[in-house]
Amino acid sequence: MDELMEQLDSRTAFTIPILGGIPVADSCVVTWVIMGLIVLLCLIFVRKLKKVPTGSQCILEVFMNWMEKFFTDTLGAKGKKYIPILGTLLIYIGMSNIIGVFGFVPPTKDVNVTAALAGIAIILVQVAFIKERGFGKWLRSFTNPINILDLITRPLSLCMRLFGNVLGAFVIMELIKHCIPVGVPVIASAYFDLFDGLLQAYVFVFLTSLYLQEAIEEHE
């Protein structure tokens, strides 16, 4: 149990020796690893693109077509410009959730990370509202108390839903590894680390796209 509680703590990977010492959490270091991996995959997939796709380009185009259809169906043509940032959130959260398969601690197990992601999502929604419908309408929208409440509850819901699901899956996997160390963890990992991890990334960006669609849609 003590070992499990230690795993649940957000540990400091190292301290930068300036300004009295700046602690860098494990979740931050793993995020850097994920960022490097994403950049590497981008370089691999976009090199030597052809008009008639073959090999890895086929995988890339299938994924991009699926992602464009997914977000366009929710946001409509007006929301197409927001696909790059929503796609980036989807890829980062998905990779963060499944990286436990490779022995890393998922960054999304850290509530600070999920809070930052929720903050980015809600800021995107508010900026899109102002850009598409004007600053005046954005201010007037807060005359409705429900919109003020949404500004608080929506990021909190996004943050805690993602954090709670990833943390719960992590705890279950650790308990399985301790109780049944052979065979079962591999099967359980296929669900908790892969399927559930990708599902939570999907849910996060789906909810964000719904909030975004509501923000940019004109109500007559």
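It should be noted that the structure appears before, not after, this text.
Below, the structure is looked at part by part. Note that this is a predicted model, so its numbers are computed, not measured. (Residues numbered from 1 in each chain as written. Predicted model: local features only at pLDDT ≥ 70, side-chain atom pairs only at ≥ 80, totals over all residues. Heavy atoms only, no water.)

1. Quick notes on the overall build of the chain
- Across its full length, the chain carries eight helices and two strands.
- Starting at the N terminus, the α and β elements of the chain follow one another as α-β-β-α-α-α-α-α-α-α.
- A burial count over the chain gives 36% of its 220 residues as buried.
- Relative to all contacts within the chain whose residues are 6 or more apart in sequence, the contacts with residues 24 or more apart total 68%.
- Put simply, the chain shows about 12900 Å² of open surface, and 71% of that area lies on carbon and sulfur atoms. (Helix = DSSP H or I, 4+ residues; strand = E, 2+ residues; numbered from the N terminus. Buried < 20%, exposed > 50% of the residue type's maximum accessible area, 1.4 Å probe, protein only. Contact = heavy atoms within 4.5 Å. Areas by Shrake-Rupley, 256 points an atom, 1.4 Å probe, with all protein chains shown as cover.)

2. As for a nonpolar patch on the surface
- Taken together, the side chains of F63, M64, W66, F195, L199 and Y202 present a nonpolar region at the surface, about 540 Å² in accessible area.
- At the level of secondary structure, the elements contributing two or more residues to the nonpolar patch comprise α3 (56-75) and α8 (184-216).
- Structurally, W66 can be placed in helix α3. (Patch = residues over 30% accessible without salt bridge, like charges linked within 9 Å, V, L, I, M, F, W, Y side chains within 5 Å. Salt bridge = Lys/Arg side-chain N within 4 Å of Asp/Glu carboxyl O.)

3. Thoughts on the packing of helix α5 (residues 111-133) against helix α7 (residues 145-179)
- Put simply, α5 and α7 touch, their axes get as near as 8 Å, and they point 140° apart. Of the possible angle classes, the one that applies to α5 and α7 is oblique. In this structure, α5 crosses over α7, and the sense of that crossing is right-handed. Along its contact with α5, which presents V111, T114, A115, L117, A118, A121, I122 and Q126, the element α7 presents L151, R154, P155, L158, C159, M160, L162 and F163.
- Classifying every residue of the contact of α5 with α7 by side-chain character gives 13 nonpolar, two polar and one charged. (Axes fitted to C-alpha atoms, helices over the stretch in contact; angles between N-to-C directions. Parallel < 35°, antiparallel > 145°, perpendicular 65-115°, else oblique. Left-handed = near helix turned anticlockwise from the far one by under 90°. Nonpolar A, V, L, I, M, F, W, Y, C, P; charged D, E, K, R; others polar.)

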